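Given next are the chains, with one letter for each unit.
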Amino acid sequence: DGQSLNFKITAVDGDGDDVELTLSTRIIDDEPVVSNPNGSAPGVSNAIVAEAGTADGTDAGTGNSATGSLKVDFGADGFGSVKFSGLFDVPNEQSGDLTPDGPAIDTGLTSNGVPVEVTLSADGLTLTGTAGGQTIFEAELDADSADYTVTLSGPIDHHEGAGNRDDGQSLNFKITAVDGDGDDVELTLSTRIIDDEPVVSNPNGSAPGVSNAVVAEAGTADGTDAGTGTSATGSLKVDFGADGFGSVKFSGLFDVPNEQSGDLTPGGPA
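Here is what the cut-offs are and how they apply
Residues numbered from 1 in each chain as written. Predicted model: local features only at pLDDT ≥ 70, side-chain atom pairs only at ≥ 80, totals over all residues. Heavy atoms only, no water. Phe/Tyr/Trp six-rings, centres within 6.5 Å; stacked < 30°, edge-to-face > 60°. Buried < 20%, exposed > 50% of the residue type's maximum accessible area, 1.4 Å probe, protein only. Helix = DSSP H or I, 4+ residues; strand = E, 2+ residues; numbered from the N terminus. Patch = residues over 30% accessible without salt bridge, like charges linked within 9 Å, V, L, I, M, F, W, Y side chains within 5 Å. Areas by Shrake-Rupley, 256 points an atom, 1.4 Å probe, with all protein chains shown as cover. Salt bridge = Lys/Arg side-chain N within 4 Å of Asp/Glu carboxyl O. Pairing = 2+ DSSP bridges. Axes fitted to C-alpha atoms, helices over the stretch in contact; angles between N-to-C directions.

Student: Would you take a moment to explain the packing of aromatic side chains for this structure?
Tutor: For any pair of aromatic rings, geometry is given as the distance between the ring centres together with the angle between the planes. Enumeration over the complete set of coordinates arrives at 4 aromatic pairs. Note on F74 and F79: the rings are 5.2 Å apart at their centroids and 75° apart in plane angle, and the pair reads as edge-to-face. In this structure F74 comes out as buried when scored by relative accessible area, which is 10%. Looking at F79, the relative accessible area reads 29%, which means it is partly exposed. For the ring pair F137 and F173, a centre distance of 6.2 Å and an interplane angle of 40° mean the geometry is tilted. Linking F137 in strand 12 (residues 134-141) with F173 in strand 14 (residues 168-179), this pair joins segments that are 36 residues apart in sequence. Aromatic ring contacts, followed pair by pair, group F84, F137 and F173 into a single cluster.

As structure tokens, this is what we get:
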């Protein structure tokens, strides 16, 4: 915390008599501190990534990577190192303490029903989340600065719950930042994964979300061209995005232009 330096001094009076004195200088060490001490979450850096930007997402290539700098001021001693400490928590799910190059730990999250596990690299600079051998996310620290990069490669299964967990799920990773002479401070990299949602696949068309099925009376049994044109097949105008297909059902609502509209119930009356 402090280093002393002692300097001897000779003090002489007006007729040449002297006495020895000492000037003791104590240099107090500077230490790294969080650079946002007055914020709502001191020492927390937020990385937001979107499932929509993953390969199968509804906006592939956009928003699935986040970069930034950790919330730390190394002070007079300058940068020393940054590493993931191994501690992590997934709100409403699991927490754990990873060891470098050690075994994977279950996060409590899933991707298409497969458990997501996380590992820490031997150098403490990379956290990798995988599901069934597929990389879902990766968080990397720069060995020479306080910069970080988080990349989302696959989806997670978001769940209904308090705090809009169906919209975004956080994962918090602890980091130890060390200055040039070995003093340290704990930081947090909070990664928030934004859920992808299905969208209509023809948003710029004249009738977004509308699939057209054309069938002809002429093809019915008594028609003028029996057996032709009574059936239409196709695919609905939908992009399910990163989370993939779930289900499709008639909602029950219908309308017949210039005639009737209504709301059917499953198994209900005509």
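Once the structure has been displayed, the description carries forward.
Student: What exactly am I supposed to notice about a nonpolar patch on the surface here?
Tutor: A cluster of nonpolar side chains, contributed by L5, F7, I9, V19, L21, L23 and I27, occupies part of the molecular surface with about 580 Å² of accessible area. Those elements that provide at least two residues to the nonpolar patch are strand 1 (2-12) and strand 2 (18-28). For the nonpolar patch, the element with the highest residue contribution is strand 2, accounting for 4 residues. With respect to the secondary-structure elements, F7 resides in strand 1. F7 sits in the partly exposed class, given a relative accessible area of 43%.

Student: Would you mind going over unusual backbone geometry with me for this structure?
Tutor: Trans peptide bonds make up most of the peptide bonds, and negative phi angles are found at most residues other than glycine. The backbone phi angle of D101 is positive, close to 60°, even though this residue is not glycine. As for its position among the elements, D101 is in the loop between strand 8 (95-97) and strand 9 (105-111). Given the relative accessible area of 62%, D101 is considered exposed. The phi dihedral of N112 falls on the positive side, at around 50°, and the residue is not glycine.

Student: In this structure, what is going on with the sheet that holds strand 5 (residues 65-69)? I would like to understand it.
Tutor: By way of backbone hydrogen bonds, the strands of a sheet pair with one another, either parallel or antiparallel. Strand order in this open sheet of 6 strands is 5-13-12-11-10-9, and the pairing throughout is antiparallel. Only two strands of the sheet have a single partner each, and these edge strands are strand 5 and strand 9. Mean inter-strand twist for the sheet, computed between neighbouring axes without regard to direction, equals 20°. Relative to strand 13 (residues 147-152), strand 12 runs antiparallel, the two being bridged by 5 bridges. Considered in strand 13, the bridge of E138 is made with T151.

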